[in-house]
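Summary of the model geometry
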Amino acid sequence: MIKWWKILAALIIVYTLIWGMLGPVPKLNILYETIRNVYYHVPIWFAMLFQMGFSVVCAVNYLYKSDLRSDLISEQAAQVGLFFSLPGLLTGCMWAKFTWGTWWTFQDPKLNGVAIAILIYLAYFILRSSITDELKRARISAVYNIFAFVMMFVFIMILPRLTDSLHPGNGNNPAFGKYDLDNHMRMVFYPAIIGWILLSLWILDIKKRISILKYNAENE
Amino acid sequence: MQKMNKIIYLMVFVLSSFIGSAQEINKPEPNVKDTLLTNLKNNALSEAQPEPAMADAFRSEGKIYVVIAVLVIIFLCIIGYLIYLDVKLRKIENNTKEKL
């Protein structure tokens, strides 16, 4: 079903594509025009964090109500979040190559944290596939999901801010908000976050409907 | 002995002339023009660095609109695929509901 928030997601992202390229940005050395990547790279990661949060909420809901539908949505949301980490990583690597001079570095805590978080969620899917009994699988993977989310949050958001980092906003670096004194960037950045989160919800909606149809077809 | 002395005096004289010429190379020439230049340089360094080079030429030639058009086209294709999946799913869901 084509809902209003799906159309809104598409419209907002088209707006950020157009005005993100044309709008004024602060002029900074090293970054030059690549500062516009903040309109795409960061909202994609926000969408991933939102999907992982959605997944953990559904997992807790399953543990509370034992409704298998929650478990199904929890798995699909984790899949969508993991899928969104791919463009997040690729856009980050492109940006890093032209500003930091390298595609990847193991010296930056945020990059290490992201790699660890992705491995943790891959382990979540391996755990799910290793248990055949439906209810047991749902219960155990829901518990793992809670730990996985907390660990991901610590590795991506908390630890990088405590140590030295090249990432803006972490490790004594100023975030871009400090340069955007006339709020020109915020006018594109905040809608972009909302747009990409709504787009990830659209993809989740489709995946959820497919998996429900599959489940009903298998269990008739 | 006198010849030896002559050679020694000659060598000392030549070497000292080298030292003298080295001193001339190291010493900066006190020029009025030089002091003006150094003052200007110091002013420039103490103020902001030169403007970072942005893609203004690219934008003024109108090529930025091609970039935007490419991005919007790619994105609308992705949205089109999502809409196609959405409609197909709706049809399948309606069919299964009718069977019930």
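Here is a short report on the structure shown in this document. The structure presented is a predicted model; accordingly, all values stated were derived computationally and were not measured.

**A short note on the overall build of chain B**
- Looking only at helices and strands, chain B has four helices and zero strands in total.
- Along its sequence from the N terminus, chain B presents helices and strands in the succession α-α-α-α.
- Buried positions account for 11% of the 100 residues belonging to chain B.
- A total accessible area of about 9100 Å² is found for chain B, and carbon and sulfur atoms account for 67% of it.

**Considerations on the overall build of chain A**
- Check the secondary structure of chain A and you find six helices and zero strands.
- Reading the secondary structure of chain A in the N-to-C direction produces α-α-α-α-α-α.
- By the compact-globule yardstick of 17 Å for 220 residues, chain A fits well, its C-alpha radius of gyration being 19 Å.
- A principal-axis box enclosing the C-alpha atoms of chain A has dimensions of 60 × 40 × 25 Å.
- Counting only residues that meet the buried cut, chain A has 49% of its 220 residues in that class.
- Taking all contacts inside chain A whose residues are at least 6 apart in sequence as the whole, residues at least 24 apart take part in 73%.
- Of the accessible surface of chain A, which amounts to about 11200 Å², a share of 70% is contributed by carbon and sulfur atoms.
- Counting 19 positive and 13 negative side-chain charges, chain A places the averaged centre of each group 3 Å from the other.

**Here we look at the interface of chain B and chain A**
- Between chain B and chain A, the contact holds 25 residues from the first and 25 residues from the second.
- On the chain B side of the interface with chain A, the three residues burying the most area are Met54(B), Phe75(B) and Asp86(B), jointly 25% of the side's total.
- Residue Lys6(A) is joined to Asp86(B) by a salt bridge in which the shortest nitrogen-to-oxygen separation is 2.8 Å.
- Inspection of the chain B/chain A interface yields four residue pairs in polar contact (both at pLDDT 80 or more).
- At the level of elements, helix H3 (56–60) and helix H4 (63–99) of chain B are the ones that each hand at least two residues to the side of chain B that touches chain A.
- The biggest single contributor to the side of chain B that touches chain A is H4(B), with 17 residues.

**Here we look at the packing of helix H2 (residues 41–65) of chain A against helix H6 (residues 184–218) of chain A**
Residues and elements named next belong to chain A.
- Between H2 and H6, whose axes approach to 8 Å, the crossing angle comes to 45°. Taken together, the axes of H2 and H6 are oblique relative to one another. Crossing of H2 over H6 shows right-handed handedness. Note on element contacts: H6 touches H2 through Phe 189, Ala 192, Ile 193, Trp 196, Ile 197, Ser 200, Leu 201 and Leu 204, opposite Val 42, Pro 43, Ile 44, Phe 46, Ala 47, Phe 50, Gln 51 and Phe 54.

**Observations concerning the pattern of salt bridges**
All names here are of chain A.
- Applying the stated rule across the entire model yields nine salt bridges over all chains.
- For Asp 205, the salt bridge goes to Lys 6, with nearest N and O atoms at 2.9 Å. Of this pair, Asp 205 sits in helix H6 while Lys 6 sits in helix H1 (residues 4–22), placing them 199 residues apart in sequence. For the pair shown, Asp 205 and Lys 6 are each scored as buried.

**Re helix H3 (residues 68–99) of chain A**
- The end-to-end C-alpha distance of H3(A), which contains 32 residues, comes to 46 Å, matching closely the 46 Å that a straight helix rising 1.5 Å per residue would cover.
- Just downstream of H3(A) lies Gly101(A), where phi reads positive at about 90°.

**Thoughts on the side chain of Ser70(A)**
- Here Ser70(A) lies in helix H3.
- Given a relative accessible area of 5%, Ser70(A) falls into the buried group.

**With respect to the packing of aromatic side chains**
- As enumerated under the stated definition, the model contains 12 aromatic pairs over all chains in all.
- Through a chain of ring-to-ring contacts, the aromatic side chains of Phe83(A), Phe84(A), Trp196(A) and Phe75(B) assemble into a single cluster.

Conventions used here
- Residues numbered from 1 in each chain as written.
- Chains lettered and ligands numbered in written order.
- Predicted model: local features only at pLDDT ≥ 70, side-chain atom pairs only at ≥ 80, totals over all residues.
- Heavy atoms only, no water.
- Helix = DSSP H or I, 4+ residues; strand = E, 2+ residues; numbered from the N terminus.
- Buried < 20%, exposed > 50% of the residue type's maximum accessible area, 1.4 Å probe, protein only.
- Areas by Shrake-Rupley, 256 points an atom, 1.4 Å probe, with all protein chains shown as cover.
- Rg over C-alpha atoms; globule rule 2.2 N^0.38 Å.
- Contact = heavy atoms within 4.5 Å.
- Lys, Arg positive; Asp, Glu negative; His and termini not counted.
- Charge placed at Lys NZ, Arg CZ, Asp CG, Glu CD.
- Buried area = accessible area lost by both parts, 1.4 Å probe.
- Salt bridge = Lys/Arg side-chain N within 4 Å of Asp/Glu carboxyl O.
- Polar contact = N/O pair within 3.5 Å; in protein donor to acceptor, adjacent residues only side chain to side chain.
- Axes fitted to C-alpha atoms, helices over the stretch in contact; angles between N-to-C directions.
- Parallel < 35°, antiparallel > 145°, perpendicular 65-115°, else oblique.
- Left-handed = near helix turned anticlockwise from the far one by under 90°.
- Expected span 1.5 Å × (residues − 1).
- Phe/Tyr/Trp six-rings, centres within 6.5 Å; stacked < 30°, edge-to-face > 60°.

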